[in-house]
Amino acid sequence: MRWPKGSTGLCYGGDYNPEQWPPEVWAEDVALMRRARVNLVTVGVFAWSRLEPRPGRYDFDWLDRVLDLLHGGGVRVALATPTASPPPWFSLRHPDALPVTADGVRLSHGSRDTYCASAPAYRTAAGEITAALAARYADHPALAMWRVHNEYGTTCHCGYVTEAFRCWLRARYGGLDALNDAWTTSFWSQHYSAWEQIRTPVATQYLGNPSQLLDFRRFVSDELLGAYVAQRDLLRAATPDVPVTTNYVLGGWVPVDHARWSTEVDLVAIDHYPSEAGPGAEEQTAFAADLARGWARRRAAGPTDPAGSAGGPAWLLMESAPNLVLTPGRMHGKEPGRLLRHSLAHVARGSRGAMFFQWRASRGGAELFHSALLPHAGPESRAFREAVELGETLARLSEVDDGTVRASVAVAWDATCWWASQASVLPSARFDYADEVAAAHRALWRAGHGCDVVAPGDDLSGYALLVLPALHLVDDGYAEQVRAHLAGGGHLVVTYLSGIVDVYNRVRPGGYPGAFRDLLGIRVEEFHPLDPAERLALSDGGTGRDWSEPVELTGATAVTTYQQGRLAGRPAVTQHRHGEGVAWYVSTRLDDNTYRRLLADVARTAGVLPTCPSAPEGVEAVRRRSADGTGWLFLLNHTDAVQTVPVAGTDLLTGGYADPVTLPAGGCAVLREE
Amino acid sequence: MRWPKGSTGLCYGGDYNPEQWPPEVWAEDVALMRRARVNLVTVGVFAWSRLEPRPGRYDFDWLDRVLDLLHGGGVRVALATPTASPPPWFSLRHPDALPVTADGVRLSHGSRDTYCASAPAYRTAAGEITAALAARYADHPALAMWRVHNEYGTTCHCGYVTEAFRCWLRARYGGLDALNDAWTTSFWSQHYSAWEQIRTPVATQYLGNPSQLLDFRRFVSDELLGAYVAQRDLLRAATPDVPVTTNYVLGGWVPVDHARWSTEVDLVAIDHYPSEAGPGAEEQTAFAADLARGWARRRAAGPTDPAGSAGGPAWLLMESAPNLVLTPGRMHGKEPGRLLRHSLAHVARGSRGAMFFQWRASRGGAELFHSALLPHAGPESRAFREAVELGETLARLSEVDDGTVRASVAVAWDATCWWASQASVLPSARFDYADEVAAAHRALWRAGHGCDVVAPGDDLSGYALLVLPALHLVDDGYAEQVRAHLAGGGHLVVTYLSGIVDVYNRVRPGGYPGAFRDLLGIRVEEFHPLDPAERLALSDGGTGRDWSEPVELTGATAVTTYQQGRLAGRPAVTQHRHGEGVAWYVSTRLDDNTYRRLLADVARTAGVLPTCPSAPEGVEAVRRRSADGTGWLFLLNHTDAVQTVPVAGTDLLTGGYADPVTLPAGGCAVLREE
Amino acid sequence: MRWPKGSTGLCYGGDYNPEQWPPEVWAEDVALMRRARVNLVTVGVFAWSRLEPRPGRYDFDWLDRVLDLLHGGGVRVALATPTASPPPWFSLRHPDALPVTADGVRLSHGSRDTYCASAPAYRTAAGEITAALAARYADHPALAMWRVHNEYGTTCHCGYVTEAFRCWLRARYGGLDALNDAWTTSFWSQHYSAWEQIRTPVATQYLGNPSQLLDFRRFVSDELLGAYVAQRDLLRAATPDVPVTTNYVLGGWVPVDHARWSTEVDLVAIDHYPSEAGPGAEEQTAFAADLARGWARRRAAGPTDPAGSAGGPAWLLMESAPNLVLTPGRMHGKEPGRLLRHSLAHVARGSRGAMFFQWRASRGGAELFHSALLPHAGPESRAFREAVELGETLARLSEVDDGTVRASVAVAWDATCWWASQASVLPSARFDYADEVAAAHRALWRAGHGCDVVAPGDDLSGYALLVLPALHLVDDGYAEQVRAHLAGGGHLVVTYLSGIVDVYNRVRPGGYPGAFRDLLGIRVEEFHPLDPAERLALSDGGTGRDWSEPVELTGATAVTTYQQGRLAGRPAVTQHRHGEGVAWYVSTRLDDNTYRRLLADVARTAGVLPTCPSAPEGVEAVRRRSADGTGWLFLLNHTDAVQTVPVAGTDLLTGGYADPVTLPAGGCAVLREE
């Protein structure tokens with residue numbers, strides 16, 4: 001299966017919501033899409049109330065016209081099922097399908113996502129509108145892909161969910177004895193003597209049970225996956241040769257384990273909205289894209305790989321904001337050129353294109369100031385000119401669509417680990433697992449190292465260096481896999497709070513860091529989290545913050561030591577040979593420069609070089625490589641100055657041969673390497 | 001109709017709650033009121049549970065005695081209907097008349113304002129107690145005025161309200177097609193196919209619909225107005241010659257459009273409690289009083305004007321705190337003399353007196369530490385001595401009661417605009433429309449300019465300069481009115497984020513600032529809000545903060561430019577001739593001094609001078625003028641030093657002729673000008 | 001009655017939860033307890049769901065084995081009733097016994113404390129499990145004490161509670177007239193005409209009634225006390241010679257008046273968890289221990305005194321954290337030696353030992369990172385080595401068990417006063433009564449003075465100096481008691497906001513500080529709270545903050561005056577002779593050093609010396625004294641340096657005679673004095 005069906009080259013476009021506009025605007029839309037070389041749009045995401053204005057009464061005429069117009073304009077369509085937002089009539093007819101909060105408040109329609117994925121009426125209605133769409137458009141020549149739903153991630157505590165949670169637990173644990181043991185229900189008199197005593201973690205008097213909280217998030221992920229699979233199967237049956245996917249949303253509140261989902265989609269698709277406006281936006285972009293590629297690699301390693309037929313672990317940036325970074329309380333317009341750099345950062349890492357929310361800025365509705373390819377100001381605008389430029393650029397990059405990134409460094413990321421740490425009262429409330437993984441990725445990014453993001457269970461054989469940042473929860477199988485990787489000669493960096501709890505969120509006894517104690521040749525008896533403003537000088541000139549530990553050496557040697565505080569003179573970073581490999585432990589939160597230096601040193605020891613060792617500071621270099629060995633070196637100048645990179649090749653952006661490459665401030669190059 | 005009926009001179013007094021005290025205290029109260037020259041008190045505001053201790057069983061005897069005592073003491077009465085706080089028995093009997101939050105929590109009695117204004121049982125009970133009061137006291141000689149309810153401003157989401165909201169929408173939009181279009185319900189699948197699908201904005205999953213949110217606030221305002229009118233009509237029928245009003249409360253949470261209400265009251269009355277303890281208290285006082293006069297002007301321009309028979313747009317400060325400024329988390333006692341200055345600042349701007357909450361400090365209840373004219377310490381206290389002094393002062397100012405303020409500068413204020421901006425996710429969460437209007441008013445106040453506050457629809461013919469600060473929402477009619485005013489030779493200052501959305505809270509397309517683009521000769525494609533700490537230097541030495549915009553000149557010329565950041569060299573403030581007028585645009589939030597200088601310059605260009613050009617910094621000057629041309633110049637010295645003002649006239653406070661006027665630190669003068 | 005029954009010497013141990021561990025761990029537990037000289041453990045606190053896995057079906061076998069094992073190991077048992085956490089089956093069977101929040105949310109099980117103490121089904125079930133435990137273990141040789149429940153402190157707003165609240169009010173006020181007067185229901189129309197109109201303070205529109213809020217907390221305290229007494233009586237009937245108690249939890253949220261409860265327990269027991277990690281932990285420890293001794297003194301003055309037979313007002317530290325201080329958002333491991341110092345600080349002040357939560361760190365459950373005597377790392381750990389050391393130390397201190405502390409200074413503390421201040425909108429939201437009392441206690445502690453903490457009604461005859469910090473609420477009886485104490489020659493220090501409200505939380509009129517005006521020879525008309533950053537210089541070089549008052553001298557003389565601000569030159573601290581005594585008034589919040597100096601001066605005037613005048617700064621000295629006159633001087637070096645104290649005696653910790661005493665950094669000594 002080739003995807004998006006009928007497409008060639010990189011995808012470019014975004015969410016298109018013609019239902020917000022009168023038909024006379026549609027023709028202008030298609031004309032402007034052509035001008036911008038848009039070749040793929042997502043249609044129908046939130047159109048349920050327009051597609052089915054009354055129960056069972058469909059109105060497809062307008063959508064027919066839109067698809068015909070798009071097809072006429074050479075724009076292919078990712079057709080969405082509109083199930084993320086049932087119409088108001090549905091809420092009125094099925095109040096039992098509205099979601100209920102942990103406090104017992106049944107939410108109303110009036111926003112979006114007001115449904116319970118476990119409610120039978122919702123499942124039935126979602127199936128019906130999906131089947132109707134499939135029947136109507138299975139043979140439409142514009143149809144390139146199905147996009148199921150939107151950003152799965154809702155949680156509910158109604159009776160249906162409670163019942164489904166019990167079923168899920170029954171399947172997981174078999175009997176109540178196993179559950180009582182796994183959840184440590186002897187603590188605080190929570191022993192369950194019948195399944196019907198178990199509830200979702202609704203409002204209670206005081207702290208919840210960390211094992212229950214973790215299992216509930218696992219359950220929600222599986223329950224939502226079930227809702228996705230039900231739609232996917234309907235669509236597959238109708239159009240066996242059209243790929244089906246759903247767009248992942250990222251965030252600490254999202255109860256979805258995207259790694260687990262990835263074997264069920266035909267293409268990994270993510271929405272990415274950075275939350276920092278400075279250089280953090282570039283770092284978050286790199287991390288999100290590496291995450292997506294990791295999920296795509298997992299998918300490609302699975303039983304079927306329709307998308308991967310074109311190459312390696314391809315994926316798609318399904319949504320991003322063209323001219324906007326949203327930080328808490330504030331929108332930031334992107335500087336000229338940044339749209340292109342962000343887009344190329346995704347494409348460089350394996351995205352099959354760049355898609356945006358949305359095509360035309362809305363006049364009304366809750367996101368009326370959200371950025372769009374075509375802003376409120378219309379086509380005569382910088383934003384639209386940059387959109388046109390982006391379209392032209394992507395068209396020049398068609399050949400890279402076959403390639404992917406191969407890395408020798410891997411950083412572990414596990415959604416379950418995030419949830420586990422959120423479910424417990426940790427020694428420091430400021431600890432955030434995601435920050436720890438981002439810090440490791442950032443250190444590698446700044447050191448110029450490409451890296452893969454791996455989830456527990458992923459094949460580790462290709463990696464010279466594996467980094468486990470704060471891998472709080474680790475199950476026995478993964479601990480064993482890490483041990484084997486190390487014993488076989490891999491290099492390993494483990495940071496504080498790793499290996500502490502088991503798969504049930506229970507502490508591994510005998511001393512920290514539990515699962516990795518002997519691998520690392522150390523033992524820790526207690527944690528010493530720090531005050532927010534506290535900084536501990538280290539013997540190598542770096543600093544630690546947020547966390548420290550009295551590390552006892554049981555085989556390891558100290559690499560650096562603390563110079564201050566209660567732990568002065570004791571090891572901060574250690575090194576230990578285990579089998580053929582070498583394992584480092586980092587017992588504090590290193591400042592960014594020290595972390596970067598440490599990982600660069602370890603990588604060098606492991607024989608790994610940066611992607612482009614000659615790239616100056618601030619120039620990002622990513623290499624995408626085809627199966628036949630062709631390499632494309634993406635160079636993104638994130639600085640405000642002209643930069644020269646002493647490398648040579650044909651720059652696809654200009655068509656000319658460059659040696660060396662000169663990048664304008666904020667500019668890019670994509671070299672086809674000899 | 002003359003008001004308060006039977007009164008002469010300025011009103012002085014406040015809320016009087018004799019029901020909190022044993023009868024033996026009442027005589028002392030009246031004696032002390034006489035000592036302080038109190039001539040008007042508001043009685044019965046929260047007395048429902050004492051007036052009707054059981055359903056239908058009235059106890060008026062104590063109130064008879066109180067009114068007789070007051071009458072005997074020469075104190076007139078603003079008799080309140082007690083409907084803001086139904087008795088506990090009412091809640092028990094009519095639980096369906098208790099208010100419901102957006103989360104569905106039905107509130108209990110135990111505080112105040114625990115009623116739903118749309119509940120039939122509440123409306124009936126409110127009508128009955130009102131009618132009973134009217135019947136009992138219609139002919140009481142102390143009765144000078146009816147004060148309906150207290151500070152209308154409650155919101156409810158019960159079924160009655162939901163139904164009333166639908167009726168209101170039906171009346172507004174006629175059909176669902178119009179509503180769906182106005183609300184952009186195509187966004188997020190919110191299309192309504194039946195009226196009963198529409199709900200008030202109760203708890204939902206994510207962001208609400210900004211058009212729905214705005215309409216709900218409009219509806220609540222109208223619904224509460226209906227509750228007021230029902231009572232007013234009962235009272236008018238009983239006492240056609242006694243004026244009826246209600247006291248407005250100000251604040252961003254208040255869902256009342258006071259401008260709209262003002263044609264329904266016989267006298268505009270406001271409660272004013274500043275929220276800043278420093279000079280901000282004086283600035284807020286000036287703004288509130290100018291707001292009130294604007295509403296009074298609108299009332300006076302309406303069909304009937306009983307209150308205005310005594311002069312121009314008179315109004316009344318109905319409540320304020322004698323010796324207290326309440327800032328978040330803290331009470332501040334006013335410095336000696338400040339009570340008088342605050343009171344005169346209101347009177348100078350047209351208030352027919354100065355009224356306070358409350359006469360005697362409560363021993364118990366929720367506001368037991370609220371300031372009063374007669375404090376816990378009793379009459380032997382600075383606070384009471386200042387109250388006596390204030391009474392004497394007001395008595396000397398009787399003649400000003402006929403006058404009003406006339407200004408050549410107007411600042412626009414629109415409650416709807418506030419609500420609209422609160423209903424949307426704006427590019428900066430720190431934006432507050434009220435802050436923007438206050439900043440403009442403050443700039444004029446500091447520059448010594450008197451100004452009117454105008455609402456959309458108010459006559460603009462008398463104004464040489466019109467300032468529209470951040471008038472986010474503007475309907476087509478008002479945009480046209482502004483255009484005509486400018487074309488006719490008016491001067492206009494518009495600040496950022498003005499003209500953006502239409503009456504339905506939908507963005508006006510084609511470039512910002514939407515409705516005012518061609519008037520201003522500029523076009524803006526995108527917004528660049530700033531970080532809290534960010535300051536941008538401007539070419540005239542000023543600074544901008546919070547907001548900036550890449551302004552494109554399409555006819556205008558740059559007055560100042562940005563000197564820093566992405567917009568360095570681009571216009572910050574612009575000027576444009578349109579018809580006979582000149583229009584300025586301010587694309588950032590100017591620092592106070594720069595804003596003051598800009599508005600002073602523009603005013604000078606428009607031929608407008610300060611009220612008293614010779615008044616030194618820190619001395620506020622306001623001129624109230626009678627219909628026959630007499631002018632009274634109020635001079636308020638807000639500084640800690642003696643100040644001399646080179647003006648001449650008879651100082652009503654001393655009775656002597658002054659030339660020049662010497663003001664003690666914190667002192668005042670009121671000159672009858674020749 | 002001797003307690004804990006059969007014990008000798010000081011108690012040492014903690015909560016032991018064998019139900020969290022497989023039986024094979026129990027033997028190791030007992031062996032390690034022996035190694036650490038543990039002699040008392042609390043068993044069964046949260047074991048209800050294991051003791052009664054199904055309604056009426058008990059499983060005591062495991063507990064039999066545990067008690068036998070403990071007995072065999074020489075460890076005595078405080079057997080807990082498990083009623084603080086009903087099992088899940090109970091919630092399912094009796095949903096009406098689950099607690100309801102003020103918002104009307106009925107909480108679910110899934111944490112702990114999910115019960116309503118007023119629900120009949122809960123009371124019945126609690127009685128049954130208590131009776132079953134009593135029957136089973138009345139004659140068990142390990143049984144040393146009953147510990148009822150855990151940390152009483154839950155609140156509920158269900159119908160049972162509402163009804164119980166009405167009954168309580170009926171008993172308190174007799175008739176509605178008295179209640180309406182006490183609650184000032186004339187304010188805001190809250191007059192009650194029938195008992196059924198009264199509700200608990202559930203969610204309402206705006207501010208609640210401060211008298212109602214206060215009475216509700218009083219009621220909750222009494223209602224919970226009733227629940228305790230019901231269990232105690234069952235246990236007493238079964239085992240007349242085994243003492244019964246419950247462990248008090250401290251905190252502003254806790255609706256329990258521990259002073260009132262203390263006559264109902266056979267031994268005062270507290271849980272203490274400091275909330276500051278620095279020296280504040282030591283200061284809080286001292287205050288908590290002095291509080292506990294005060295309650296124990298009140299108990300000992302009551303009708304029966306089983307515990308006190310061994311000496312004076314003995315009490316027991318029932319729970320604390322061995323190696324942990326928890327501050328908001330962060331856990332702190334205690335520095336080496338601090339566990340011992342904290343423990344001795346309690347023992348020095350009369351605790352009959354040191355008990356901890358918990359024996360063995362949990363693997364799972366909500367408190368999995370809570371510290372324990374036996375940490376996750378196991379016995380080979382610093383934490384356990386310090387636990388062993390503590391056991392050895394306590395064993396050496398057996399003889400002090402007979403002694404108690406006698407102080408000449410008393411600081412007043414009244415839970416009702418705290419609640420009253422929380423129920424009102426005070427002039428400063430930052431005021432916290434507990435902070436004020438802590439500041440006074442801290443000033444004395446730093447000055448080296450031992451002190452008692454007294455509650456209203458306690459005998460004051462032994463005290464040369466009485467300090468009333470911010471005693472906001474004072475009833476007439478206590479005001480009279482204070483007056484008599486002063487008139488009889490006592491010295492008195494009163495700080496701002498004292499004496500303001502009466503027993504019903506109503507302001508005492510006529511000027512502040514109401515009840516103490518003439519005693520202090522001053523009068524205050526108004527309050528001048530300060531901004532957070534504001535500091536006012538005083539004439540003695542000190543500073544005031546947070547609060548100031550224009551103090552008028554009506555007999556008193558100024559000790560220090562304000563040097564800045566509106567009150568420059570006016571008295572800050574005053575002194576006044578009244579009868580034979582001298583009374584000081586402090587009208588601001590003094591900085592710590594100034595407060596310490598003031599109280600030291602006043603104490604000297606009153607003829608009171610520090611406990612150990614020669615102890616250097618940072619060395620805490622507490623003297624425990626036996627009935628026969630033996631004194632034990634505890635010296636705790638809280639500094640990081642060696643300290644020498646020029647005193648002599650036998651150091652029980654070393655067994656040697658010391659003269660002078662040399663304390664290592666962080667070290668301790670306990671001298672038997674000649």
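As the structure is a computational prediction, the values presented were derived from the model and not from experiment. (Residues numbered from 1 in each chain as written. Chains lettered and ligands numbered in written order. Predicted model: local features only at pLDDT ≥ 70, side-chain atom pairs only at ≥ 80, totals over all residues.)

Comments concerning the pairing of strand 1 (residues 11-16) of chain A
Along any regular strand, the residues point their side chains to alternate faces of the sheet. All names here are of chain A. Quick reminder of the rule: Residue burial is a threshold on neighbouring C-beta atoms within 10 Å of the residue's own C-beta, all placed from the backbone, with 20 or more meaning buried, 12 or fewer meaning exposed, and counts in between meaning partly exposed. Think of it this way: any DSSP run of H or I at least four residues long counts as a helix, any run of E at least two long counts as a strand, and we number them from the N terminus. A pair of strands is considered paired only if DSSP assigns at least 2 bridges between the two. Here a crossover is taken to be right-handed if, once the strands point away from the viewer, the path from the first strand over the helix to the second is traced clockwise.
Across the six residues that make up strand 1, a large majority, six, are buried. In this sheet, strand 11 (residues 351-356) lies alongside strand 1 in parallel orientation, the contact comprising four bridges. Within the sheet, the bridge partner assigned to Gly13 lies in strand 11 and is Met355. With four bridges connecting them, strand 1 and strand 2 (residues 40-43) associate as parallel partners. For Asp15, the partnering residue across the bridge sits in strand 2 and is Thr42. Handedness of the crossover is the feature at issue here: the chain leaves strand 1, passes through helix 1 (residues 23-36), returns alongside strand 2, and the resulting connection is right-handed.

Overview of the relation of the copies chain A and chain C
One copy of the chain maps onto the other through a rotation about an axis plus a displacement along that axis. This is how it is decided: Here the copies are superposed with least squares, the fitted atoms being C-alpha atoms of residues at a pLDDT of at least 70 in both.
With an RMSD of 0.0 Å, the operation that places chain A on chain C is a rotation of 120° combined with a shift of 0.0 Å along the axis. With respect to symmetry, the two chain copies, as superposed, fit the operation of a three-fold axis. Of every C-alpha in chain A, the one belonging to A:Val105 sits nearest the axis of rotation, 5.2 Å from it.

Some details on the sheet that holds strand 18 (residues 543-545) of chain A
Residue and element names in this part refer to chain A. Taking strand neighbours across the sheet as the criterion, the three strands line up as 17-18-23 in an open arrangement whose pairing is antiparallel. Single-partner strands in this sheet number two, and they are strand 17 (535-537) and strand 23 (589-590). Of the strand pairs in this sheet, strand 18 and strand 23 are connected by two bridges, and their pairing is antiparallel. Residue pairing in the sheet places Gly544 in a bridge with Leu590 of strand 23.

Describing the interface of chain C and chain B
What counts is decided by this rule: Distance between backbone-placed C-beta atoms decides contact: two residues are in contact if it is within 7 Å. Residues are grouped as follows: nonpolar covers Ala, Val, Leu, Ile, Met, Phe, Trp, Tyr, Cys and Pro; charged covers Asp, Glu, Lys and Arg; every other residue, Gly included, is treated as polar.
Each partner contributes residues to the interface: chain C has 47 residues there, and chain B has 46 residues. Residue classes in the side of chain C that touches chain B are distributed as 19 nonpolar, 20 polar and eight charged.

A closer look at the UniProt feature "domain: Beta-galactosidase C-terminal" (unreviewed entry) in chain A
The following threshold applies: UniProt positions are given in the numbering used here, feature names are shortened, and annotations may be inferred rather than shown by experiment.
Listed under "domain: Beta-galactosidase C-terminal" (unreviewed entry) in the UniProt record, and renumbered for this structure, are residues 618-673 of chain A. Here residues 618-673 of chain A runs as 0% helix and 55% strand, with 21 Å between its end C-alpha atoms.

Quick word on the UniProt feature "domain: Beta-galactosidase trimerisation" (unreviewed entry) in chain A
Summarizing the sequence annotation, UniProt attributes the feature "domain: Beta-galactosidase trimerisation" (unreviewed entry) to residues 407-608 of chain A in the numbering used throughout. Measuring from the first to the last C-alpha atom of residues 407-608 of chain A gives 9 Å, for a span that is 26% helix and 24% strand.

A few points about the sheet that holds strand 15 (residues 491-495) of chain B
Residues and elements named next belong to chain B. Selection rule: Structural elements are reduced to axes, namely lines fitted to C-alpha atoms, with helices fitted over the stretch in contact, and the angle between N-to-C directions of any two is expressed from 0 to 180 degrees.
Read across the open sheet, the seven strands follow the order 13-12-14-15-22-21-20; overall the sheet is mixed. Single-partner strands in this sheet number two, and they are strand 13 (452-454) and strand 20 (557-561). Each strand axis lies, on average, 20° off the axis of its neighbour in the sheet, ignoring direction. Note that strand 15 and strand 22 (residues 581-586) share five bridges and pair parallel. The residue of strand 22 that forms the bridge with Thr495 is Val586. Contacting strand 14 (465-468), strand 15, strand 21 (571-578) and strand 22, helix 15 (residues 476-487) runs over the sheet at an angle of about 125° to strand 22.

Description of the interface of chain A and chain C
At the junction of the two partners, chain A supplies 47 residues and chain C supplies 46 residues. For the side of chain A that touches chain C, the class distribution of residues is 19 nonpolar, 20 polar and eight charged.

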